[in-house]
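# Working through the structure, step by step
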Amino acid sequence: MKALLLKHAEMNAVRELALPTRSASSASEPRLAAVPAPATPTPWQRTSPVLLKILEVVGPPLLGILLFIGVWALISASGDRLPSPAKTWDAAVKIFSDPFYQKGPNDQGIGWNILASLQRVGIGFGMAALIGIPLGFLIGRVQFLNAMFSPIISLLRPVSPLAWLPIGLLVFKAANPAAIWVIFISSIWPMIINTAVGVSRVPQDYLNVARVLNLSPWKVTMKILLPATLPYILTGVRLSIGVAWLVIVAAEMLTGGVGIGFWVWDEWNNLNVEHILIAIFVVGIVGLLLEQALILIAKRVTHDHPV
Amino acid sequence: MDKFLSIENAGMTFHTKRGKFEALRNVDLAIAKGEFVSLIGHSGCGKSTLLNMIAGLLNATDGVILCNNREVKGAGPDRAVVFQNHSLLPWLTCFDNVYLAVERVFGVSDSQGRQAESKAQMKARTSAALALVGLTAAEAKYPNEISGGMKQRVGIARALAMEPAVLLMDEPFGALDALTRARLQDELMVILQKTGSTVVMVTHDVDEAVLLSDRIAMMTNGPSATIGQIVSVGLDRPRDRLALATDARYIECRRLVLEFLYQKQLRPAA
C-alpha cells in the first residue's frame, strides 16, 4: 500500500513538472528573439504579427511556470519548512557545478547518482524488452499461447512494483540485482501486451498478400508482421520506460547504494529539503527526455512518415 | 473448350454464430486458357467469396476447384490476386512491393526444374513489370506518396510480375474515379493483349464487364447463390470504348446483363 501511494505521488510530480519544463525548453529560443521588441519605439498594436504569434505560443506555458514558482514561493514564505525557489536554485547551481565528485561510496556527485539509476533502468528495461517483445509477438500470433498466458499476465500485471522486491532480494541475495529485477518485472507488461495487440491487429489484407505469395514464416515476420507491429511495439517501449523510471526511485530508496532514489532518501535523512526538490526536478526532466527520445525514434521509423 | 480453370459443383457454407449460412451452391464454371471472365452480381451475392475460393484464401466446403488440372488447396502465387484496396505494404517502396512477389516466385528453383534466378534477373523483372504499367518513375516511392490509380497499377504489376496461371481481380477499379478507371481499363486491355493471361474479375460495373470480358458470369442473389446465366461477349479485340458505344453487339450484351440484374434478380428494396 505504501509503495502504491509512493508511486502515485511520484507520478503526479512527474506529470505536473512535465508540462512547464517541456514548454520552457521550446520557449528559451523565441524568448531571446523577443527581447529587442520593447527597445523599438513601435507601439504595441503595430508589433509584427510574427512576434505576436511567438508570444501566443510561449506566453501560456511561461505564465504557467511563473504561477507554479509563485505558488511555491508563497508556500515557502508562509512557513519555514519548504525552501524558497531562490534557495533551491542556489543549491542546484552548487550541486551541478561539480556533478561528478566522489567522496566514498555514499557521497557522490549527482551525475553519478543519475548515471547509476539510468544504468539500472537500462539493464532491467533492456532485459524486459528482450523477453517481453518476442513473447508478446508469440502471444499475439498463436492463439494457444494467448489463452495460456492471458490469465497469468492479468494476474501479475496489476501487482505493485515494490511487492516484487522481497522476491528479488530472496533470489539474488543482493540489493542491486533486486532493484534491477523490480524494474524488469514492472516494465515488461506494457511491452508484452502492446506487442501482442499489435500483432493481432495486423490488417487481414497484408496477411492475404502473404498467403497469396505463400511467403515463408521468416519472410512473413520480417516483411509484414514486424513492420506492421512496430508502432505498437514502440508505444509499449515508451510506456515501459516510463514505468521503469517511475519505479527506480522507489526501488532505490529501499535498496540503497548509489542512485537518484537513494540520494533522495539520503538527503531526507540529512533534512536537506532543497536537494530533495532538486531531485524531483531531475527525475522529472530525465523522464521527460527519455520519453521525448522515444517519441523521436517512433516518428523516424513509423511507415506513415518515410524519411 | 479446354478447361484450364474448372469450378465443379462448388459450394461454400459459413458456420456463423447464428447457425449455418450457405453463401454459394452448385457453382459450375469452366474457363479456358487466356480467357477473360467477369463475375457480376448484386452486392452480397458471393462473387468475392467465389473469387477467394479460386484464390485459395477460402476453401470450398463442397465440390472442387481445379486449376491446371490440380485441385486448389490453399493460396499460392500461381493464382495472383489484385485486391480491391491494392493491399500494398506501406513500409516498402513500389519496387520492393513488386520485388517481394518476384523474389518469392523466381528466387527459388521450382519442381518443374526451373532454376532460381539471380538478383539482377529478378530486379530486371521487377522493373519490367513496373514499366508495363507505366510506373518506372515511381519505383522508389512509397505507396502513400502516389495516387490511388497508381497504387492499383502497382498492385497489377505485382500480380503480373509473378506470371500467374490465373490473374484474379477483385473489383480492381472499384475505388477509383470514373476517368482513372477508364484509363486503367484501357491499359489493362493492352497489357493482357501482350501477356495473354487468364483472368477472373469480380465487378459490379456492367460497362466494365462488357468492355473487358470474353464471357460474363451473372450470379443470382444469395443466400445459396449460383451462376444464373453466362453471356458470351464475342466482340473483336482490340476493343475501343468509343467505337463500342454504338456497336450493336455491345449494346445487346449490355442489355442482357442489365436485364438479368434488374429484372430477373432485382434485389428486394434494401
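Since we're looking at a predicted model, the values are computed, not measured. (Residues numbered from 1 in each chain as written. Chains lettered and ligands numbered in written order. Predicted model: local features only at pLDDT ≥ 70, side-chain atom pairs only at ≥ 80, totals over all residues.)

### What to know about the sheet that holds strand 3 (residues 36–40) of chain B
Residues and elements named next belong to chain B. In space, the six strands of this open sheet follow the order 6-7-8-3-9-10, with mixed pairing throughout. Looking at the sheet topology across the chains shown, the edges are occupied by strand 6 (79–82) and strand 10 (227–232). Between one strand axis and the next, the sheet turns through 20° on average, direction left out of account. Pairing between strand 6 and strand 7 (residues 166–170): four bridges, direction parallel. (Pairing = 2+ DSSP bridges. Helix = DSSP H or I, 4+ residues; strand = E, 2+ residues; numbered from the N terminus. Axes fitted to C-alpha atoms, helices over the stretch in contact; angles between N-to-C directions.)

### Points about the interface of chain A and chain B
Counting residues at the interface gives 15 residues for chain A and 18 residues for chain B. Ranked by residue count, the leading element in the side of chain A that touches chain B is helix 8 (residues 204–213) of chain A, at seven residues. Here the residues of the side of chain A that touches chain B sort into eight nonpolar, three polar and four charged. (Contact = placed C-beta atoms within 7 Å. Nonpolar A, V, L, I, M, F, W, Y, C, P; charged D, E, K, R; others polar.)

### Overview of the environment of Glu117(B)
All names here are of chain B. Along the chain, Glu 117 turns up in the loop between helix 2 (94–106) and helix 3 (119–132). On the neighbour-count criterion, Glu 117 (18 C-beta atoms within 10 Å) is partly exposed. Separated by 12 residues in the primary sequence, Glu 117 and Val 105 have C-alpha atoms spaced 9.6 Å apart. The residues touching Glu 117, leaving out its near neighbours within four places in the chain, are Phe 106, Gly 107 and Met 122. (Buried ≥ 20, exposed ≤ 12 C-beta atoms within 10 Å, placed from the backbone.)

### A closer look at helix 1 (residues 47–55) of chain B
An α-helix turns once per 3.6 residues; consequently, residues spaced three or four apart project the same way. Residues and elements named next belong to chain B. With eight of nine residues buried, helix 1 lies mostly within the body of the structure. Here helix 1 has its buried residues at Lys 47, Thr 49, Leu 50, Leu 51, Asn 52, Met 53, Ile 54 and Ala 55. Residue Gly 56 follows helix 1 closely and has a positive phi angle near 90°.

### Examining the packing of helix 4 (residues 110–141) of chain A against helix 10 (residues 260–269) of chain A
Residues and elements named next belong to chain A. Remark: helix 4 packs on helix 10, axes separated minimally by 7 Å, with the N-to-C direction vectors making an angle of 135°. The angle between helix 4 and helix 10 falls in the class oblique. Contact residues: helix 4 offers Ile 110, Asn 113, Ile 114 and Ser 117, while helix 10 offers Ile 260, Gly 261 and Trp 263. For the contact of helix 4 with helix 10, a count of residues per class yields four nonpolar, three polar and no charged. (Parallel < 35°, antiparallel > 145°, perpendicular 65-115°, else oblique.)

Shape is all these values report; function is a separate question.
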